[in-house]
Amino acid sequence: MYDWNDIRIFLAIARTGSALAAARELRLNQTTVTRRIDALEHTLGATLFTRGARGSDLTELGEALLPHAHVMEHAALALDGEAGRLHRDQGGEIRVTAPEAIMATFVGTLTTRYREQHPNVRFDYVSAEHRLDLAMGEADVAFRAGGELTGDTLVCLALPDIAWAVYGSAAYARRSGLPESIDRLTGHSIIAYAGPITGMPHIKSFMAMVPGCEKVGTSNNVPNMAGMIRAGVGLGLLPCLVGDLQTDLIRCFMPPAGLITPWWIVTSREANNLRRVRDFMVFSADQLRPLRGALGGKLDPAQTRAMIEGL
C-alpha cells in the first residue's frame, strides 16, 4: 500500500514541474523526493513522470491518476482541519457553578479528573447558593437541585438523588442524647434554615415534622449548618454527602421518607453547542452515578465516606 506522504510528493511535482521545486516547497531533500517517487511508481507499477532537462512531465497514466490524488489531498486536508477544530473545541474554559457543599465535595475532584483527559480545558469555579442565569452566560454548567427545572433553554442530565438526615455532635449527645427516629425529635434543640434554602421542598417537609422542637438558631447554608452542629448548638438537617463525611458528626437515624433532593447537571442550549461542555456534563454524570447508594443515604456513614473519598 502506498504512503500518503508519497502522494503529497506526487502532487507537488505535478504542481511545480520538477523534483527540485517540489523539494523546496515541501522542505525536503531532493534525493528524498526522487527516492519516494521511485517507491510510489514501484508500488503502483506505473511511470508517473518523464524526466528531462527542463523538469518532470506527467505521463498519460500520471495525468489519469492526478484527479484521484487531488481527492485524497482534499480529504486529508479536511481531516486535518476537523482534527484541529476538535482539538480547539476541547480547549478553552468552562465556568461551573454549584452550591458550596457540592462545590467542595465533588466539583474539584470531577474537574481534576476531567483535565487528566483534557488538559487544555480550564475551569472557573463559582460557588453560589442562588441560581446563576445560564441563558445569560453567567455560567456554562450548573449543579442544581430541584424536582423540576424550568426554562425551555436548559439542557439537563439527571444525577443521583441526595438524601438528607438529622445530625448531631458528640457533645450534644452527651448533654441531651440523640433521637432514634424522626418522631423522637420532640423536645430536642433544632437549628433551622433561613433564607432562600427554606423554599426547598425537603426543608419545608422537615420543619413540618418537628413542630415540638426548640429552634435554637438558624443557618443560611449547608456549610454553616454543619459548623453549628459540630459546635454542639443543636441538631440539624444536612445532606448525607456532607454529614456522613464529617467524622465528628453523628447521623441520628436513617433519612426519613420525603427528605430527598433530585439533582441535575445543567447547561444552556448555547453552551451545549460547545463540545467541551457536553463532554464534561456526560463525564460528571458517569462519575457520579455509581454513588447512588451513598448519596441516597442507604449506606452507613463509614461506607459513604469510603465511596465518596474514592471518587
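Residues numbered from 1 in each chain as written. Predicted model: local features only at pLDDT ≥ 70, side-chain atom pairs only at ≥ 80, totals over all residues. Heavy atoms only, no water.

## Observations concerning the overall build of the protein chain
No. 1: Looking only at helices and strands, the protein chain features 13 helices and eleven strands.
No. 2: For a compact globule of 311 residues, the expected C-alpha radius of gyration is about 19 Å, and the protein chain comes in at 32 Å, more than 25% above that figure.
No. 3: Projected onto the principal axes, the alpha-carbon positions of the protein chain cover approximately 105 × 35 × 25 Å.
No. 4: When burial is assessed residue by residue, the protein chain has 43% of its 311 residues classed as buried.
No. 5: Across the protein chain, contacts joining residues at least 24 apart in sequence account for 73% of those joining residues at least 6 apart.
No. 6: Just so you have it, the protein chain exposes about 15,800 Å², and 52% of that area is on carbon and sulfur atoms.
No. 7: Counting 31 positive and 33 negative side-chain charges, the protein chain places the centres of these two groups 3 Å from one another. (Helix = DSSP H or I, 4+ residues; strand = E, 2+ residues; numbered from the N terminus. Rg over C-alpha atoms; globule rule 2.2 N^0.38 Å. Buried < 20%, exposed > 50% of the residue type's maximum accessible area, 1.4 Å probe, protein only. Contact = heavy atoms within 4.5 Å. Areas by Shrake-Rupley, 256 points an atom, 1.4 Å probe, with all protein chains shown as cover. Lys, Arg positive; Asp, Glu negative; His and termini not counted. Charge placed at Lys NZ, Arg CZ, Asp CG, Glu CD.)

## Examining helix α3 (residues 30-44)
No. 1: With 15 residues, α3 ought to run about 21 Å at 1.5 Å a step, and its terminal C-alpha atoms sit 21 Å apart, in line with that.
No. 2: All of the buried residues along α3 are Val33, Ile37, Leu40 and Glu41. Seen end-on, α3 carries its buried residues on one side only, within an arc spanning 100°. Among the exposed residues of α3, those pointing more than 90 degrees away from its buried face are Thr31 and His42.
No. 3: Taken together, the buried residues of α3 touch α1 (4-16), α2 (19-26) and β1 (49-52).
No. 4: Backbone nitrogen of Thr31 and a side-chain oxygen of the N-cap are separated by 2.7 Å at the start of α3; the cap is Asn29.
No. 5: Gly45 sits one or two residues past α3 and shows a positive phi near 70°. (Expected span 1.5 Å × (residues − 1). Arc of directions from axis to C-beta. Polar contact = N/O pair within 3.5 Å; in protein donor to acceptor, adjacent residues only side chain to side chain.)

## Considerations on the environment of Ile13
No. 1: The topology assignment puts Ile13 in helix α1.
No. 2: Sequence-wise, Ile13 and Ile37 are 24 residues apart; in three dimensions their C-alpha atoms are separated by 9.3 Å.
No. 3: Non-local contacts of Ile13, meaning those with residues more than four positions away in its chain, are made with Ser18, Ala19, Ala22, Val33, Ile37, Phe49 and Ser56.

## Considering the confidence of the model for the protein chain
No. 1: In the predicted model, the protein chain carries a mean pLDDT of 87, and the fraction of residues at 70 or more is 94%.
No. 2: Confidence, expressed as mean pLDDT per element, reaches its minimum in the protein chain at helix α4 (residues 60-90) with 75 and its maximum at strand β10 (residues 249-251) with 95. (pLDDT = per-residue confidence, 0-100.)

## Observations regarding the pattern of salt bridges
No. 1: Summed over the entire model, instances satisfying the criterion amount to eight salt bridges.
No. 2: In this structure, the salt-bridge partner of Asp286 is Arg289, at a minimum N-O distance of 2.6 Å.
No. 3: Given the relative accessible area of 37%, Arg289 is considered partly exposed.
No. 4: Through salt bridges with shared partners, a single ionic network connects Asp38, Glu41 and Arg51. (Salt bridge = Lys/Arg side-chain N within 4 Å of Asp/Glu carboxyl O.)

## Observations concerning the nonpolar core
No. 1: Ile102, Phe106, Phe143, Trp164, Leu185, Tyr193 and Leu238 are the most contacted members of the largest nonpolar core, which totals 59 residues.
No. 2: Leave out the neighbours within four places in its chain, and Tyr193 touches Trp164, Thr198, Ile203, Ser219, Asn221, Val222, Met225, Leu237 and Leu238. (Core = buried A, V, L, I, M, F, W, Y, C linked by side-chain atoms within 4.5 Å.)

## So, the packing of aromatic side chains
Aromatic ring pairs are described here by two measures, namely the spacing of the ring centres and the angle between the planes.
No. 1: Inspection of every chain in the model, using the stated rule, returns seven aromatic pairs.
No. 2: Centroid distance Tyr114 to Phe123: 6.2 Å. Interplanar angle 80°. Geometry classified as edge-to-face. For the residue pair Tyr114 and Phe123, the accessibility class agrees, reading buried in each case.
No. 3: Exposure remark for Phe123: the relative accessible area of 12% places this residue in the buried category.
No. 4: An aromatic cluster of three or more residues is present, and its members are Tyr114, Phe123, Tyr125, Phe280 and Phe283. (Phe/Tyr/Trp six-rings, centres within 6.5 Å; stacked < 30°, edge-to-face > 60°.)

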